[in-house]
Amino acid sequence: FHILPIKDFDPPFTEQFRTPHGLDFEPTKDLYDLSFERADGREAFADAFEASVGSVGTTIIEVGTDSETSHRFRERLHERVCETI
């Protein structure tokens, strides 16, 4: 939604398009008898993913992200792709 004109209007943008849920998924492991890992970065995610693939059962891997950082990364990626093609 960052590419739409609504991004320039806050709070409507934040309240209706950027909708952080504020939920904690860790209790889900007890509810469904699953494994749970919280990854705080790319390397931690790779380690948790690798461990989950080699284990029995289902693992929830929670990865927190920052929407602005993610948006800027996608913009840079888009620019590089456009330059390449």
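Here is a short report on the structure shown in this document. For clarity, every value in this text was computed on a predicted model and none was experimentally measured.

Next up on the list: the overall build of the chain. The secondary structure content of the chain amounts to four helices and two strands. Counting from the amino terminus, the chain carries its helices and strands in the arrangement α-α-β-α-β-α. Sorting the 85 residues of the chain into buried and exposed places 9% on the buried side. Restricting to contacts in the chain with at least 6 residues of sequence separation, those with at least 24 account for 40%. Total accessible area on the chain stands at roughly 7,300 Å², and carbon and sulfur atoms take up 55% of it.

Attention shifts here to the pattern of salt bridges. Across all of its chains, the model carries four salt bridges by this definition. With a shortest N-O distance of 3.6 Å, Arg38 and Glu26 are connected by a salt bridge. Separated by 12 residues along the polypeptide, Arg38 in strand β1 (residues 35–39) and Glu26 in the loop between α1 (12–16) and α2 (28–32) bring together distant segments of the chain. Arg38 gets classed as partly exposed once you look at its relative accessible area, which sits at 46%. In this structure, Lys29 and Asp30 form a salt bridge, with 3.6 Å as the shortest nitrogen-oxygen distance. Look at the salt bridges and you will find they share partners, linking Asp24, Glu26, Arg38 and Glu62 into a network.

For the rest of this paragraph, the subject is the pairing of β1. In this structure, β1 lies alongside strand β2 (residues 59–63), joined through five bridges in parallel fashion. Within the sheet, the bridge partner assigned to Arg38 lies in β2 and is Glu62.

Before going further, it helps to spend a moment on helix α4 (residues 67–84). The first and last C-alpha atoms of α4 sit 26 Å apart over 18 residues, in line with the 26 Å expected at 1.5 Å per residue. At the N-terminal end of α4, a side-chain oxygen is found 3.3 Å from the backbone nitrogen of Glu68, two or three residues along, and the residue is Asp66.

Relative to the assigned elements, Glu62 resides in strand β2. In this structure, the C-alpha to C-alpha distance between Glu62 and Asp24, residues 38 residues apart in sequence, is 9.1 Å. Contact partners of Glu62, with chain neighbours within four places excluded, come to Asp24, Phe25, Phe36, Glu37, Arg38 and Ala39. A distance of 3.5 Å separates the side chain of Glu62 from the backbone nitrogen of Phe25, its partner in a polar contact.

Calculation notes
Residues numbered from 1 in each chain as written. Predicted model: local features only at pLDDT ≥ 70, side-chain atom pairs only at ≥ 80, totals over all residues. Heavy atoms only, no water. Helix = DSSP H or I, 4+ residues; strand = E, 2+ residues; numbered from the N terminus. Buried < 20%, exposed > 50% of the residue type's maximum accessible area, 1.4 Å probe, protein only. Contact = heavy atoms within 4.5 Å. Areas by Shrake-Rupley, 256 points an atom, 1.4 Å probe, with all protein chains shown as cover. Salt bridge = Lys/Arg side-chain N within 4 Å of Asp/Glu carboxyl O. Pairing = 2+ DSSP bridges. Expected span 1.5 Å × (residues − 1). Polar contact = N/O pair within 3.5 Å; in protein donor to acceptor, adjacent residues only side chain to side chain.

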